[in-house]
Amino acid sequence: MTGVAFLFIVSSFLAASSCRAWPPTYGPEFEFGSKELQHYSITSVARILATGGNLPEVAIEGKMISRFRAQVAKLCPACKIEARAGKFIFLGIPSYRVTFEDGWWMEITADPWVVEILTKPMTLIEVQKNKHRIQTMIFDAAKSLSLEPNGSDSQFARAAGHLNIGTLSSFDGDGEAFLKFFVDHANHPELSAGVFLKDFYNAPPVSALSSEARGNLVNLVERQQARHRFKAPQEMAETILNDVYSKSYVLGGGAHYQALSIKKVPDASLVQDTPFEIRSMKMQQSAEDFALICELMEKRIEFVKNNPDPIVFANTNRIKFSRQELVDRYFIYIEEMGLDFNRFKGLMVPNLQSLHPSTFLTQPGSDLKRWIGFDQDLRLLQSSKWYRTHLLEKLKNAVPSDSNVIKKWYQRLAESLQNPDLAVSGRKVIYQTVRDTVTWPSSECAQAARGVQNFDEVLSGFQEILQDPRKWSAEIPPVKAPRPLTRWDCVTRTLRMMLGL
């Protein structure tokens, strides 16, 4: 969507706002394509204009929109239809506002390669209430004109159907909740790298940005939590725009071309439900699809807002995932909210929907050998409590034949702790995972370990063991009474035991 279209969406949200916080409002951007539109796209027209050529086919955009208007008028004779100055009026292409008797409206407009339909922002209840109308007046009307929803086949598989969500209605003035949601989306690059969409020129995940940009987000999170005072969503968005979104994956892309676009949030006021935009979203294939994605996002916002744990930005730079990893990570994303994966499976891009989540995630038993190749960077351990709990259960139920795999797991934990990009909050989560996994050599050690806050001490122990395991081959002399076991005693004994030395 162009910047002009986004301004239109913003104005729609402002007009629809009623000073309320929760439930969130949702504004769709339904995009429908055809081979004809692909061939005579607006971008092609711009090229013709630039070369001074004639425009014999420019009317194709206007004709398609006029045909859509006529079809809707036939379906709803009582509707009021007004021509408006669309964003491509300079090419002679208007937009049409269709207003229904109850005040609900839809806008028929154009975007490169597509006919785009916008609607009045709606709550989830309103989406459900208008689902039949959306299906009939938009999806069925498009089909009757041989227009297909983008993403319905390989030709349009990368095309998006962006989703706009009201900032005020989602977060009110809660800057911590806003930052939580932003970081949560950044911690799930798989959503923008293949689950819902993969179009880094239009909607790159935070993981695709520079190490400097990601480091700035780490610092922002740590700084806000250290102060125990979070900026309002508007100020938080401004900081992110300046420090994280100062550059896009695409040269010149700027703040708008991001998986989660927040460029208008700083302009929000107490009475304006200014939207943020999820750009990394496959075009919905039906009204049911749209209702489902709104439900998923609402559940995610609730889940993130109600999470009492500190915010952890995993700071991953991963942008490539296997098809199986995409499905597995999406399964975790759904499962940790307590939702039914099979119900939301159809929201993934078509070529993933035939795959099943790995048995490591769905079946009982340790199955650690399968896991060792699943998560290459362990960042998921930092950001997902469900995944940590699931993995701990696997480790606690491990059988002797898994000993080599367990040793590899701890070695990879050590490597992760040595990563200079790892935030303090992430290091703490990894240490706690180690702490909660092992069987301590004594109750004294168990108690002491829970008080360990010096992660450098833990890291040092890992490094020494990995460099020279023989150093720990001799039995540690028993501690003579009355001196209690020190934390370092417990760390070294426990590390030795974990690595089977």
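Heads up: the structure comes first, above all this text.
Residues numbered from 1 in each chain as written. Predicted model: local features only at pLDDT ≥ 70, side-chain atom pairs only at ≥ 80, totals over all residues. Heavy atoms only, no water.

## Some remarks on the overall build of the protein chain
Here comes step 1: Per the secondary structure count, the protein chain includes 22 helices and nine strands.
Here comes step 2: Put simply, the protein chain has 501 residues, and 55% of those count as buried.
Here comes step 3: Partitioning the contacts of the protein chain with sequence separation of at least 6, the portion at a separation of at least 24 is 75%.
Here comes step 4: Summed over all atoms, the accessible surface of the protein chain reaches about 21600 Å², with 51% contributed by carbon and sulfur. (Helix = DSSP H or I, 4+ residues; strand = E, 2+ residues; numbered from the N terminus. Buried < 20%, exposed > 50% of the residue type's maximum accessible area, 1.4 Å probe, protein only. Contact = heavy atoms within 4.5 Å. Areas by Shrake-Rupley, 256 points an atom, 1.4 Å probe, with all protein chains shown as cover.)

## Remarks on the nonpolar core
Here comes step 1: The biggest cluster of nonpolar side chains holds 105 residues, and the ones touching the most others in it are Phe68, Met106, Ile262, Leu296 and Tyr330.
Here comes step 2: Per-element accounting of this core gives the leading share, 10 residues, to helix α11 (residues 287–305). (Core = buried A, V, L, I, M, F, W, Y, C linked by side-chain atoms within 4.5 Å.)

## Notes on the packing of aromatic side chains
Here comes step 1: For the structure shown, the criterion picks out 15 aromatic pairs.
Here comes step 2: For the pair Phe32 and Phe68, a centre-to-centre distance of 6.4 Å together with 45° between the ring planes defines the contact as tilted. Of this pair, Phe32 sits in strand β1 (residues 26–33) while Phe68 sits in helix α4 (residues 59–75), and the two are 36 residues apart along the sequence.
Here comes step 3: Residue classification places Phe32 among the buried residues on the basis of a relative accessible area of 0%.
Here comes step 4: Each ring, one from Phe171 and one from Phe181, has its centre 5.9 Å from the other, and the planes form 50°; the classification is tilted. Of this pair, Phe171 sits in helix α7 (residues 167–171) while Phe181 sits in helix α8 (residues 175–186); the two residues are 10 residues apart in sequence, bridging distant segments of the chain. Here Phe171 and Phe181 have matching classes, each one buried.
Here comes step 5: An aromatic cluster of three or more residues is present, and its members are Phe196, Tyr330, Phe331, Tyr333, Phe341 and Trp386.
Here comes step 6: Above the face of the Trp105 ring, Arg97 is positioned so that its terminal group lies 3.8 Å from the ring centre. (Phe/Tyr/Trp six-rings, centres within 6.5 Å; stacked < 30°, edge-to-face > 60°. Lys NZ or Arg CZ within 6 Å of the ring centre and 35° of its normal.)

## Observations regarding helix α10 (residues 233–243)
Here comes step 1: Considered for burial, the residues of α10 that qualify are Pro233, Met236, Ala237, Thr239, Ile240 and Leu241.
Here comes step 2: Packed against the buried residues of α10 are α7, α8 and α9 (211–227).

## A short note on the state of the cysteines
Here comes step 1: Per the stated rule, a full pass over the model turns up one disulfide.
Here comes step 2: At a sulfur-sulfur separation of 2.1 Å, the disulfide partner of Cys76 is Cys79. Disulfide Cys76 to Cys79: torsion about the S-S bond roughly 85°, handedness right-handed. Accessibility assignment for this pair places Cys76 and Cys79 in one class, buried. (Disulfide = S-S within 2.5 Å.)

## Re unusual backbone geometry
Here comes step 1: Cis geometry is found at the peptide bond from Trp22 to Pro23, where omega equals 5°.
Here comes step 2: Examined against the element boundaries, Pro23 turns out to sit in the loop between α1 (3–16) and β1.
Here comes step 3: One non-glycine residue, Asn315, lies in positive phi territory at about 55°.
Here comes step 4: As for its placement among the helices and strands, Asn315 is situated in the loop between α11 and α12 (323–335).
Here comes step 5: For Asn315, a relative accessible area of 4% gives the class buried.

## Things to note about the pattern of salt bridges
Here comes step 1: Following the criterion strictly, the structure yields 11 salt bridges and no others.
Here comes step 2: In this structure, the salt-bridge partner of Asp102 is Arg133, at a minimum N-O distance of 2.8 Å. Here the residue Asp102 occupies a position in the loop between β3 (95–99) and β4 (105–111), and Arg133 occupies one in helix α6 (residues 131–144), the gap between them amounting to 31 residues.
Here comes step 3: In this structure Asp102 comes out as exposed when scored by relative accessible area, which is 52%.
Here comes step 4: Using a relative accessible area of 18% as the deciding quantity, one classes Arg133 as buried.
Here comes step 5: Taking the shortest distance from any N to any O, the salt bridge between Glu277 and Arg279 comes out at 3.4 Å.
Here comes step 6: Judged by its relative accessible area of 0%, Glu277 falls in the buried class.
Here comes step 7: For Arg279, a relative accessible area of 0% puts it in the buried group.
Here comes step 8: One network of salt bridges, in which partners are shared, links Arg84, Arg97 and Glu107. (Salt bridge = Lys/Arg side-chain N within 4 Å of Asp/Glu carboxyl O.)

## Comments concerning the packing of α8 against α10
Here comes step 1: Their axes nearest at 8 Å, the elements α8 and α10 cross at an angle of 40°. Looking at the two axes, α8 sits oblique to α10. Seen from above, α8 lies across α10 with right-handed handedness. Listed contacts from α10 to Gly175, Phe178, Leu179 and Phe182 of α8 are Pro233, Met236, Ala237 and Ile240.
Here comes step 2: Split into classes, the residues belonging to the contact of α8 with α10 amount to seven nonpolar, one polar and no charged. (Axes fitted to C-alpha atoms, helices over the stretch in contact; angles between N-to-C directions. Parallel < 35°, antiparallel > 145°, perpendicular 65-115°, else oblique. Left-handed = near helix turned anticlockwise from the far one by under 90°. Nonpolar A, V, L, I, M, F, W, Y, C, P; charged D, E, K, R; others polar.)

## Focus: the packing of α11 against α12
When two helices pack together, their arrangement is given by the angle between the helix axes and the distance between those axes.
Here comes step 1: Interhelical geometry of α11 versus α12 gives an angle of 65° and a closest axis separation of 11 Å. Compared by their axis directions, α11 and α12 come out roughly perpendicular. Only Tyr330, Tyr333 and Ile334 of α12 make contact with α11, whose side of the interface consists of Leu296, Met297 and Arg300.
Here comes step 2: Here the contact of α11 with α12 is composed, by residue class, of five nonpolar, no polar and one charged.

## Concerning α12
Here comes step 1: Along its 13 residues, α12 runs 18 Å from first to last C-alpha, staying within 8% of the 18 Å computed at 1.5 Å per residue.
Here comes step 2: Buried residues dominate α12, accounting for 10 of its 13 residues.
Here comes step 3: Of the positions making up α12, those classed as buried are Glu325, Leu326, Val327, Asp328, Arg329, Tyr330, Phe331, Ile332, Tyr333 and Ile334. (Expected span 1.5 Å × (residues − 1).)

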